[in-house]
Amino acid sequence: MAKSPEVKLAVFGRAGVGKSALVVRFLTKRFIWEYDPTLGETHTHTHIYRHSLTNTHTHTYRLI
Ligand SMILES: Nc1nc2c(ncn2[C@@H]2O[C@H](COP(=O)(O)OP(=O)(O)OP(=O)(O)O)[C@@H](O)[C@H]2O)c(=O)[nH]1
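Residues numbered from 1 in each chain as written. Predicted model: local features only at pLDDT ≥ 70, side-chain atom pairs only at ≥ 80, totals over all residues. Heavy atoms only, no water.

Overview of the packing of aromatic side chains
Point 1. Across all of its chains, the model carries 1 aromatic pair by this definition.
Point 2. A centroid spacing of 4.6 Å and a plane angle of 75° characterise the contact between phenylalanine 31 and tryptophan 33, whose relative ring orientation is edge-to-face. (Phe/Tyr/Trp six-rings, centres within 6.5 Å; stacked < 30°, edge-to-face > 60°.)

Here it is, written out as structure tokens:
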């Protein structure tokens, strides 16, 4: 099977505007209420899209 493509996304914005909250919500459907300033953290998530019973695509997202 072919190696799935890795998609790299960089999220920019001022401190405390909600970048981590948005990313974690997108990846895990969980919302983080506590504010913990991010220092060089990355999030990696592999998502499998199932278009039909026989047609699936796997994408790995690395958010920086
Ligand atoms: N009410 C509300 N609070 C939010 C929203 N998005 C984020 N927050 C809160 O804002 C605070 C900061 O969110 P973060 O996601 O940590 O912000 P950040 O931009 O990653 O901050 P840095 O790591 O300092 O750059 C957290 O307490 C979140 O819960 C939103 O859409 N609505």
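Next, the rest of the story.
Re the environment of glutamate 6
Point 1. Among the secondary structure elements, glutamate 6 is positioned in strand E1 (residues 6-9).
Point 2. For glutamate 6, a relative accessible area of 39% gives the class partly exposed.
Point 3. Along the chain, glutamate 6 and threonine 58 lie 52 residues apart, while their C-alpha atoms are 9.2 Å from each other.
Point 4. Discounting residues that sit within four places of it in the chain, glutamate 6 has contacts with Thr60 and Arg62. (Helix = DSSP H or I, 4+ residues; strand = E, 2+ residues; numbered from the N terminus. Buried < 20%, exposed > 50% of the residue type's maximum accessible area, 1.4 Å probe, protein only. Contact = heavy atoms within 4.5 Å.)

With respect to the site of the ligand
Point 1. In the vicinity of the ligand lie 15 residues, with Lys19, Ala21, Ile32, Tyr35 and Thr38 positioned nearest.
Point 2. Take glycine 16: an N or O atom from its main chain is 3.0 Å from an oxygen atom of the ligand.
Point 3. For the ligand, an oxygen atom lies 2.9 Å from a polar atom in the backbone of serine 20.
Point 4. In isolation the ligand exposes 650 Å². Once the protein is present, 68% of that is buried.
Point 5. Split into classes, the residues belonging to the shell around the ligand amount to 8 nonpolar, 4 polar and 3 charged. (Near = heavy atom within 4 Å. Polar contact = N/O pair within 3.5 Å; in protein donor to acceptor, adjacent residues only side chain to side chain. Areas by Shrake-Rupley, 256 points an atom, 1.4 Å probe, with all protein chains shown as cover. Nonpolar A, V, L, I, M, F, W, Y, C, P; charged D, E, K, R; others polar.)

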